[in-house]
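# Observations on the model geometry
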Amino acid sequence: MTNPVIDAILSRTSSPKLVEPGPTATQLETILACAQRAPDHARLKPWAFWLVQGDDRNTLGELFAEAALADNPDSPTAKIEKCRAMPLRAPLLIVATCEPTATPKVPNYEQQLAVGAAIQNMQIAIASLGLGSIWRTGEMAEHPNVKAAFNLSEQGSIVGFLYIGTPEKPTTPQAVDPRYHVQQWPVKK
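Residues numbered from 1 in each chain as written. Predicted model: local features only at pLDDT ≥ 70, side-chain atom pairs only at ≥ 80, totals over all residues. Heavy atoms only, no water.

Judged by nonpolar contacts, the single largest core of 23 residues is most densely connected at Phe64, Met140, Val146, Ile158, Phe161 and Tyr163. Looking at this core, the elements with two or more residues in it are α3 (56-71), α4 (77-85), β3 (92-98), α6 (139-142) and β5 (157-167). In terms of residues, this core owes the most to one element, α3, which gives six residues. Apart from residues no more than four positions distant in its own chain, Ile158 is found in contact with Val95, Ala96, Thr97, Met140, Ala141, Val146, Lys147, Phe150 and Leu152. (Core = buried A, V, L, I, M, F, W, Y, C linked by side-chain atoms within 4.5 Å. Buried < 20%, exposed > 50% of the residue type's maximum accessible area, 1.4 Å probe, protein only. Helix = DSSP H or I, 4+ residues; strand = E, 2+ residues; numbered from the N terminus. Contact = heavy atoms within 4.5 Å.)

This part is about the side chain of His143. With respect to the helices and strands, His143 occurs in the loop between α6 and α7 (144-149). Only 3.1 Å separates the side chain of His143 from the backbone oxygen of Ala67, close enough to count as a polar contact. With residues up to four places along the chain from it excluded, the contact list for His143 reads Ala67 and Asp71. (Polar contact = N/O pair within 3.5 Å; in protein donor to acceptor, adjacent residues only side chain to side chain.)

At a minimum axis separation of 6 Å, α3 and α4 run at an interaxial angle of 145 degrees. In the crossing of α3 with α4, the sense of the turn from one axis to the other is right-handed. Listed contacts from α4 to Gly61, Glu62, Phe64, Ala65, Ala68 and Leu69 of α3 are Lys79, Ile80, Cys83 and Arg84. Considered class by class, the residues forming the contact of α3 with α4 number six nonpolar, one polar and three charged. (Axes fitted to C-alpha atoms, helices over the stretch in contact; angles between N-to-C directions. Left-handed = near helix turned anticlockwise from the far one by under 90°. Nonpolar A, V, L, I, M, F, W, Y, C, P; charged D, E, K, R; others polar.)

This part takes up the pattern of salt bridges. A full pass over the atoms with the stated rule returns four salt bridges. The shortest N-O distance in the salt bridge between Lys79 and Glu139 comes to 3.1 Å. In this pair, Lys79 sits in helix α4 while Glu139 sits in helix α6, placing the two residues 60 residues apart along the sequence. The salt bridge involving Asp177 is made with Arg179; its shortest N-O contact spans 3.1 Å. Judged by relative accessible area, which is 38%, Asp177 ranks as partly exposed. For Arg179, a relative accessible area of 62% puts it in the exposed group. Several salt bridges converge on common partners, so that one network encompasses Glu62, Glu81 and Arg84. (Salt bridge = Lys/Arg side-chain N within 4 Å of Asp/Glu carboxyl O.)

Structure below.
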């Protein structure tokens with residue numbers, strides 16, 4: 001017996017090389033709706049999903065290059081060009097941010113985990129629609145200039161850059177052992 005949800009999860013892989021076409025408007029709406037179904041303690045909805053596509057990817061690349069130069073004005077040209085090209089890795093980039101709500105009931109880290117769960121939901125939806133994605137972070141996710149461009153407070157964070165498109169080369173997932181990293185508790189001495 002097969003189950004489409006389990007099949008989608010078990011067949012999902014990251015696709016580092018993504019090309020056109022990206023998702024259609026209808027597919028994107030579905031992907032974003034799936035994000036909204038992530039577990040979210042106290043229904044705080046701490047997320048925002050910023051769509052970056054078309055020429056706006058070049059604008060984001062310039063922001064990345066400026067951020068790298070702000071950190072080190074003597075950065076090698078190759079590094080600056082790499083930063084400039086990052087948003088061009090896919091036809092669509094979703095920047096998933098977390099702006100936590102101050103509440104003793106739900107700590108900030110739990111709100112960040114909710115955004116992470118939303119990204120995972122999107123990745124499963126993307127794979128089930130026949131598209132590819134890769135979730136990246138890196139130094140630009142932590143850079144104050146980049147965070148400011150996404151209206152984040154000091155407590156806010158960029159949880160991930162989700163690149164979406166058509167995999168240039170489809171990848172086959174490696175077999176997994178469901179017992180890997182699983183232990184019985186309590187620890188037997």
